[in-house]
Amino acid sequence: MTAGVVILGASHAGVQCAAALRESGYLGSITLVDVQKDHPYQRPPLSKGFMMGAASAESLCLRGEVFYDAENIDLRLGVQAERIVRDEHKVLLSDGQVLAYETLVIATGSRARPFLEDCAVENVYTLRTLRDAEAIRAAAETTEGPVVIVGGGYVGLELAATFRAHFQRKVHVVEAAPRLLMRAASPALSALVAARHQEAGTVVHAGRCVTGLEQVNGAVSGVVMQDGEVLPAGLVIKGVGILPNQELAAMAGLDCQDGILVDQYCRTSDSSIFAIGDCCRFPEAFSGRLVRLECVQNAHDQARTVASVISGKAQPYTAVPWFWSDQLGMKLQTAGRWEDGMTCAVRDESEKGKMSFFHFSYSGQLCAVETVNHPALHILSRRMILSGVFPEISQVENVDFDLKRLLA
């Protein structure tokens, strides 16, 4: 078979890229490589539906098994790319095979940031893979004592909600930053989410650091805080962030900077190699800043961008970033990107169980909208940000003003 497209990584970005290539009419060979042996699957449900037993492993599949055969996609699981030989357009695999490529797409994703790695203690986990989720769920059903979650990001809080609501476990969330969701959400949304978790019985420790673990007979028994306090623990989840899997690209001489650097078409410093998803850093269309986004939307949209370039119908990546989280009866959705220093306008519809936070730049540009239980306004917000039609702060705060009129 002649050299075509080789995609390294079969998570959301990689699988979507393969699918988008076929949808765009690309007829060349496509080889999709992933180190995991499991059929490519969705990750967001791992901390929620799958953890609670409401979703099976089979239901998480990104595409049915027949899809790969039907679309003539060579799916190679349980094998790792070990080296990219750029001048020969080849990838060396861990099983000794060599793949020739015309175009290479790196979708290697990310991994958990190391934390307390020198502590070989039972019942201490991170959540990255399906196997991790299975192990955590089994531990939740068999261990006793409080659950301590180290890290107050979205995944950690989703797990906290699951452990409280489904497993009825006592839960502590420890966050070194001054507040929860420090990187992902505004102070306004962070405060609302923290209050809801506390109402549900979770103990939140913000601005506190973990320095070690205590154990009894090889199993975790406590989490040691910087001030000497020990939180009793029967189960510990580490969620202190991720690192982009850029080593393969860096070893090949591609430009990297906390992520593989790409342009607006997701092209790396080598014109025949692209990078998409968690592993890449790209110029944001609205600000021009180099950013790295860890969300399904970004993975999917960047995959489509690369497919458009390869198929000869190049479209730059200009999507408005958005992401979501479901926890404790709250549907949290964000359109755009919040940054410190923005002006926050609150649309208070709490009598309907809804709340929204609109964030404006100094010049009055609408940059981000965070909504709680308001999917219709989330969709409208994405349209407003993309179109450049922005409401006034007074219009946002007046719940009787129909924001849809701005796009009419």
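That block above? That's the structure.
Scope of this entry: the structure provided in the associated data block.

About the criteria used
- Residues numbered from 1 in each chain as written.
- Predicted model: local features only at pLDDT ≥ 70, side-chain atom pairs only at ≥ 80, totals over all residues.
- Heavy atoms only, no water.
- Helix = DSSP H or I, 4+ residues; strand = E, 2+ residues; numbered from the N terminus.
- Rg over C-alpha atoms; globule rule 2.2 N^0.38 Å.
- Buried < 20%, exposed > 50% of the residue type's maximum accessible area, 1.4 Å probe, protein only.
- Contact = heavy atoms within 4.5 Å.
- Areas by Shrake-Rupley, 256 points an atom, 1.4 Å probe, with all protein chains shown as cover.
- Lys, Arg positive; Asp, Glu negative; His and termini not counted.
- Charge placed at Lys NZ, Arg CZ, Asp CG, Glu CD.
- Salt bridge = Lys/Arg side-chain N within 4 Å of Asp/Glu carboxyl O.
- Core = buried A, V, L, I, M, F, W, Y, C linked by side-chain atoms within 4.5 Å.
- Pairing = 2+ DSSP bridges.
- Axes fitted to C-alpha atoms, helices over the stretch in contact; angles between N-to-C directions.
- Left-handed = near helix turned anticlockwise from the far one by under 90°.
- Expected span 1.5 Å × (residues − 1).

Structural notes on the overall build of the protein chain
Secondary structure assignment for the protein chain yields nine helices and 25 strands. For a compact globule of 408 residues, the expected C-alpha radius of gyration is about 22 Å, and the protein chain comes in at 22 Å, within 12% of that figure. Judged by the C-alpha coordinates and their principal axes, the protein chain covers about 65 × 60 × 35 Å. Taken over 408 residues, the protein chain has a buried fraction of 51%. Long-range contacts, defined as pairs at least 24 residues apart, comprise 61% of the intrachain contacts of the protein chain with a sequence gap of at least 6. Within the structure as shown, the protein chain displays about 18000 Å² of accessible surface, and the carbon and sulfur contribution to it stands at 49%. Each charge sign in the protein chain was given a centre, from 37 positive and 46 negative side chains, and these centres are 3 Å apart.

What about the pattern of salt bridges?
All chains considered together, the criterion is met by 22 salt bridges. In this structure, Asp258 and Arg281 form a salt bridge, with 2.7 Å as the shortest nitrogen-oxygen distance. In this pair, Asp258 is assigned in the loop between helix H6 (247–251) and strand E17 (260–261) and Arg281 in strand E19 (residues 280–283), connecting sequence segments 23 residues apart. Taking relative accessible area as the criterion, Arg281 reaches 14% and is therefore assigned buried. Two residues, Arg292 and Glu294, come together in a salt bridge whose shortest N-O distance is 3.0 Å. According to the relative accessible area criterion, Glu294 is partly exposed, its value standing at 36%. Several salt bridges share partner residues, and in doing so they unite Arg183, Asp258, Arg281, Arg292 and Glu294 into one network.

Thoughts on the nonpolar core
Counting 37 residues, the largest nonpolar core has Leu46, Ile149, Phe163, Leu189 and Ile237 as its most contacted members. Going through the elements one at a time, helix H3 (130–142), strand E9 (147–150), helix H4 (154–165), strand E10 (171–175), helix H5 (187–199), strand E15 (235–238), strand E22 (330–336) and strand E24 (354–360) are the ones with two or more residues in this core.

Side note on the sheet that holds E15
In spatial order, the strands read E8-E15-E9-E10-E11; together these five strands make up an open sheet with parallel pairing. The open sheet has two edge strands, strand E8 (124–126) and strand E11 (203–206), and neither has a second partner. With direction set aside, neighbouring strand axes in the sheet form an average angle of 20°. Pairing of E8 with E15 involves three bridges; the strand directions are parallel. Note that in E15 the partner of Val124 across the bridge is Val236.

Details of the packing of helix H1 (residues 12–23) against helix H7 (residues 296–310)
At a minimum axis separation of 8 Å, H1 and H7 run at an interaxial angle of 35°. In terms of crossing hand, the pair formed by H1 and H7 is right-handed. Here His12, Ala13, Gln16, Cys17, Ala20 and Leu21 of H1 lie close against H7, whose contacting residues are Val296, Ala299, His300, Ala303, Arg304, Val306, Ala307 and Ile310.

Here's the deal with the sheet that holds strand E20 (residues 290–291)
Strand order in the open sheet made by the three strands is E17-E19-E20, with mixed pairing throughout. What marks the edges here is a single partner per strand, and that holds for E17 and E20. In this sheet, E20 lies alongside E19 in antiparallel orientation, the contact comprising two bridges. Residue pairing across strands places Phe282 opposite Val291, the latter belonging to E20.

Things to note about the pairing of E15
Neither face of E15 is left uncovered, since the one carrying Leu235 and Ile237 and the one carrying Val236 and Lys238 both have all their residues buried. Pairing geometry for E9 and E15, over four bridges, is parallel. Bridging from a neighbouring strand, Val148 pairs with Val236 of E15.

Let's talk about the side chain of Thr334
Along the chain, Thr334 falls in strand E22. Relative accessible area serves as the criterion here: at 3%, Thr334 is assigned to the buried category. The residues contacting Thr334, other than those within four sequence positions of it, are Tyr154, Pro321, Trp322, Phe323, Val369, Glu370 and His378.

So, H1
Taking 1.5 Å of rise per residue, 12 residues should cover 16 Å, and H1 covers 16 Å from first to last C-alpha, within 8% of that figure. Taken across its 12 residues, H1 has 11 buried, putting it largely inside the fold. Of the residues making up H1, those classed as buried are His12, Ala13, Gly14, Val15, Gln16, Cys17, Ala18, Ala19, Ala20, Leu21 and Arg22. Buried-residue contacts for H1 involve strand E1 (4–8), strand E2 (30–34), helix H2 (65–70), strand E3 (73–77), strand E6 (98–106) and H7. One or two residues past the end of H1 sits Gly25, with phi positive at roughly 95°.

From the geometry alone we can't say anything about function, so treat these as descriptive.
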